[in-house]
Amino acid sequence: MKIQFLLLKRILLCLCLISLSVCERGFIRSSLKERFQKKMKDLPAPTASSDLSQSITNPGDYVFSILHQDLTRYYKIHVPKSYDGSVSVPLLFVFHGGGGNMDIQSNEEYYHQISKSEEIGHIVVFPNGFSEYRSGKIATWNAGNCCGESKKQNIDDIGFVKSILNHLTNKANIDKKRIYSTGMSNGAMMSYQLACYMTDTFAAITAVAGTDNTIDCRPSKPISIFHIHAKNDDRVLFYGGAGSSFTDRTLITDFVSVPKTISKWVQLNECNSSPKIILKNQEVQCDEYSGCKDGVKVKLCVTEDGGHSWPGGEKPSIFLGGGPTSKAIIANDVMWDFFKSQ
């Protein structure tokens, strides 16, 4: 009887210790979250100009703020050294991933967009998604069924893009037939939004590591689509669904698969259902669907590895995990080859 009592006492003690450990972990997580939120709230707003009246004639980097739906929104612009305003140039929108911001996406260390702008001679704009913080950090895009606070609050990100376009097409010499969009993850999903709802403006999009999660897609005309994805993407899963690294499922969705995304656009563009393999080796396969209406194309490049990343770039801290970035293709190079072919 005494032995049984001691055993029961030990079991109860262990249960108490386990419960205490759970409470402690919960307290630590809560404390860290509060500290992080306080740190974010204390960060200053980006230094930006609200004067949209001046023409953009000089090369360099610009940051603008604009009031849209009573919200102050930001975007960064890079104008290449070759630009003098005398010749119209292409414009590329580059949308950051969920939890990122315009500074991360424009960071040359990660995505090499600035050097590509200098090489090609196009103007590149990095819009900042909706953020609860005045700094614009931890931002997301309302891309239909995803993501974060932008989706929850039904932020008008398409209207924001239209405002940026109105500014740039009036103040810089933009070739209106060569306006493109690309993005990473949630930014890729935002590019699909534009393909659905701003087809008259954008000539083509390239989506990297983010599928089409739009709600009611009705493009006014065919549009060329290029999708790049890793087979082992651990966040936006290739065959559909969200990876286990998302702890708060209310901020995301059950992501549409890559095959379903491509099938959708092949049908919308009335392309041949059987693609032509244009590149294949142990590291990557690229398929191209031709015969589409109005001469547009749908293209898919799938890398065997790379996880949730931009091929040829480097992963910022918000996307760490899933192995190193794929070097099988350089996303910027194949993207611009695709844009030029349209």
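See above for the structure.
Now for a description of the structure that goes with this document.

## Quick look at unusual backbone geometry
Part 1 of the reasoning: Of the consecutive residues cysteine 146 and cysteine 147, the connecting peptide bond is found in the cis state with omega at 20°.
Part 2 of the reasoning: Checked against the element boundaries, cysteine 147 lands in the loop between strand 4 (123-127) and helix 5 (148-152).
Part 3 of the reasoning: Positive phi, close to 60°, is recorded for serine 185, a residue that is not glycine.
Part 4 of the reasoning: On the secondary structure map, serine 185 appears in the loop between strand 5 (174-184) and helix 7 (186-197).
Part 5 of the reasoning: Classification of serine 185 as buried rests on a relative accessible area of 8%.

## Thoughts on helix 4 (residues 113-120)
Part 1 of the reasoning: Restricting attention to buried positions, one finds in helix 4 the residues Gln113, Ile114, Lys116 and Ser117. The buried residues of helix 4 occupy an angular sector of 160° when the element is viewed end-on, so they sit on one face.
Part 2 of the reasoning: Of the surrounding elements, those touching the buried residues of helix 4 are strand 2 (71-79), strand 3 (89-95), helix 2 (102-105), helix 3 (108-111), strand 4 and helix 9 (331-341).
Part 3 of the reasoning: Count one or two residues on from helix 4 and you reach glycine 121, which has phi positive near 95°.

## Some remarks on the pairing of strand 2
Part 1 of the reasoning: A large share of strand 2 lies buried, amounting to seven of its nine residues.
Part 2 of the reasoning: Sheet topology places strand 1 (residues 60-68) next to strand 2; nine bridges connect them, and they run antiparallel. Within the sheet, the bridge partner assigned to histidine 68 lies in strand 2 and is leucine 71.
Part 3 of the reasoning: Between strand 1 and the antiparallel strand that follows it, strand 2, lie two residues; glutamine 69 among them carries a positive phi value of about 55°.

## A word on the sheet that holds strand 6 (residues 204-208)
The pairing of strands in a sheet comes from backbone hydrogen bonds and takes either a parallel or an antiparallel form.
Part 1 of the reasoning: Read from one edge to the other, the open sheet built from 10 strands follows the order 1-2-4-3-5-6-7-10-9-8, with strand pairing classed as mixed. Each edge of the open sheet carries a strand with a single partner, namely strand 1 and strand 8 (276-280). The mean angle between the axes of side-by-side strands here comes to 20°, regardless of whether they run parallel or antiparallel.
Part 2 of the reasoning: Pairing geometry for strand 7 (residues 224-230) and strand 10 (residues 298-303), over six bridges, is parallel. For histidine 227, the partnering residue across the bridge sits in strand 10 and is leucine 300.
Part 3 of the reasoning: Set on the sheet, helix 8 (residues 258-268) makes contact with strand 7, strand 9 (284-289) and strand 10; between it and strand 10 the angle comes to about 165°.

Calculation notes
Residues numbered from 1 in each chain as written. Predicted model: local features only at pLDDT ≥ 70, side-chain atom pairs only at ≥ 80, totals over all residues. Heavy atoms only, no water. Helix = DSSP H or I, 4+ residues; strand = E, 2+ residues; numbered from the N terminus. Buried < 20%, exposed > 50% of the residue type's maximum accessible area, 1.4 Å probe, protein only. Arc of directions from axis to C-beta. Contact = heavy atoms within 4.5 Å. Pairing = 2+ DSSP bridges. Axes fitted to C-alpha atoms, helices over the stretch in contact; angles between N-to-C directions.

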